[in-house]
Structures are given as C-alpha cells and as structure tokens.
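Results of the structural survey
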Amino acid sequence: MTSGHGPRRARIAFSDSAAKQLENITSEADIHALDRALVVISVDPDAGAPIPGDTTGPQLRQYTDDIEAVRILYFVTALRTVVVVAYIEV
C-alpha cells in the first residue's frame, strides 16, 4: 500500500552570503519569486544545470526560473541538502 504522499523534499539551507542577500528582500513579488524557485529545487535538486569549473568540491548548479526572472546558485550535499549560495534577479 502506498502512502499517498509525494516525494520527500530536500532540506534548504543558505550560505552566509545568501542569507545576507535574503535579509534585503522586502518586496512581496521578490519573495514569491524566490519561494517559487526554492520549491522547484527542493522537489528536484537536480533541476538546475551544473556550472563548469572546479570539481574538487561539491558541484555548483544554477537554476533559472524564466517566469519569475530569478536565478539561484546552489550545491547539493551528500545528504541531499540544497545549499543556496546566491540569489540573482535576471
């Protein structure tokens, strides 16, 4: 018997620099745009595209939501926690 629940969402954490960026968001529209993008990557952490570069650390990824015009830079830990590095309005 299945539980009826959807897939488990990944935990979202923020780097210090991303947390400082978030402190400056005051617009409801900006909060909605960020929330929409975070939901997407929490459901599917692989939704973003890998950013080429140094492969010694975690793979940095970027997710762009063209509807909301935002981009999130993040990486996924071994325990499937999404760590947001930066939030960028495009």
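**Quick notes on the overall build of the protein chain**
Across its full length, the protein chain carries two helices and five strands. In the protein chain, the order of α-helices and β-strands from amino to carboxyl end is β-α-α-β-β-β-β. Dimensions of the protein chain, computed from the C-alpha atoms along their principal axes, are close to 45 × 35 × 25 Å. Taken over 90 residues, the protein chain has a buried fraction of 30%. Only carbon and sulfur atoms are counted for the fraction: they give 54% of the accessible area of the protein chain, which is about 6,000 Å². Across the protein chain, 8 positive and 12 negative side-chain charges occur, with their mean positions spaced 8 Å apart.

**What to know about the pairing of strand β5 (residues 82–89)**
Pairing geometry for strand β1 (residues 12–14) and β5, over three bridges, is parallel. Its bridge partner lying in β5, F14 is registered against V84. As paired strands, strand β4 (residues 70–76) and β5 are joined by seven bridges and run antiparallel to one another. Each residue of the ladder has a partner; that of Y74, found in β5, is V84.

**Some words on the nonpolar core**
Residues L34, L38, I41, I72, Y74, V82 and Y87 are the most contacted members of the largest nonpolar core, which totals 16 residues. Where this core is concerned, the elements lending two or more residues are α2 (28–43), β4 and β5. A per-element tally of this core places α2 first, with five residues. If sequence neighbours within four positions are ignored, I41 has contacts with I12, Y63, I72, Y74 and V82.

**So, the sheet that holds β5**
The strand order across the open sheet formed by five strands is β1-β5-β4-β3-β2, and the pairing between neighbours is mixed. In the strand order of this sheet, the two ends are held by β1 and β2 (49–50), each with one partner. Packed on one face of the sheet, helix α1 (residues 16–23) meets β1 and β5 and runs near 45° to β5. Across the face of the sheet, α2 comes into contact with β1, β3 (61–65), β4 and β5 while running at roughly 35° to β4.

**Some points on the side chain of S15**
On the secondary structure map, S15 appears in the loop between β1 and α1. There is a polar contact of 3.4 Å between the side chain of S15 and the backbone oxygen of V85. If sequence neighbours within four positions are ignored, S15 has contacts with V83, V84 and V85.

**Thoughts on the pattern of salt bridges**
When their charged atoms lie close together, side chains carrying opposite charge are able to pair. Across all of its chains, the model carries two salt bridges by this definition. The closest approach of N and O atoms between D65 and R36, which form a salt bridge, is 2.7 Å. You can see D65 sitting in strand β3 and its partner R36 sitting in helix α2, a full 29 residues away along the chain. With its nearest N and O atoms 3.8 Å apart, the salt bridge here joins R80 to D46. One end of the pair, R80, is in the loop between β4 and β5; the other, D46, is in the loop between α2 and β2, with 34 residues separating them in the sequence.

Rules of the game
Residues numbered from 1 in each chain as written. Predicted model: local features only at pLDDT ≥ 70, side-chain atom pairs only at ≥ 80, totals over all residues. Heavy atoms only, no water. Helix = DSSP H or I, 4+ residues; strand = E, 2+ residues; numbered from the N terminus. Buried < 20%, exposed > 50% of the residue type's maximum accessible area, 1.4 Å probe, protein only. Areas by Shrake-Rupley, 256 points an atom, 1.4 Å probe, with all protein chains shown as cover. Lys, Arg positive; Asp, Glu negative; His and termini not counted. Charge placed at Lys NZ, Arg CZ, Asp CG, Glu CD. Pairing = 2+ DSSP bridges. Core = buried A, V, L, I, M, F, W, Y, C linked by side-chain atoms within 4.5 Å. Contact = heavy atoms within 4.5 Å. Axes fitted to C-alpha atoms, helices over the stretch in contact; angles between N-to-C directions. Polar contact = N/O pair within 3.5 Å; in protein donor to acceptor, adjacent residues only side chain to side chain. Salt bridge = Lys/Arg side-chain N within 4 Å of Asp/Glu carboxyl O.

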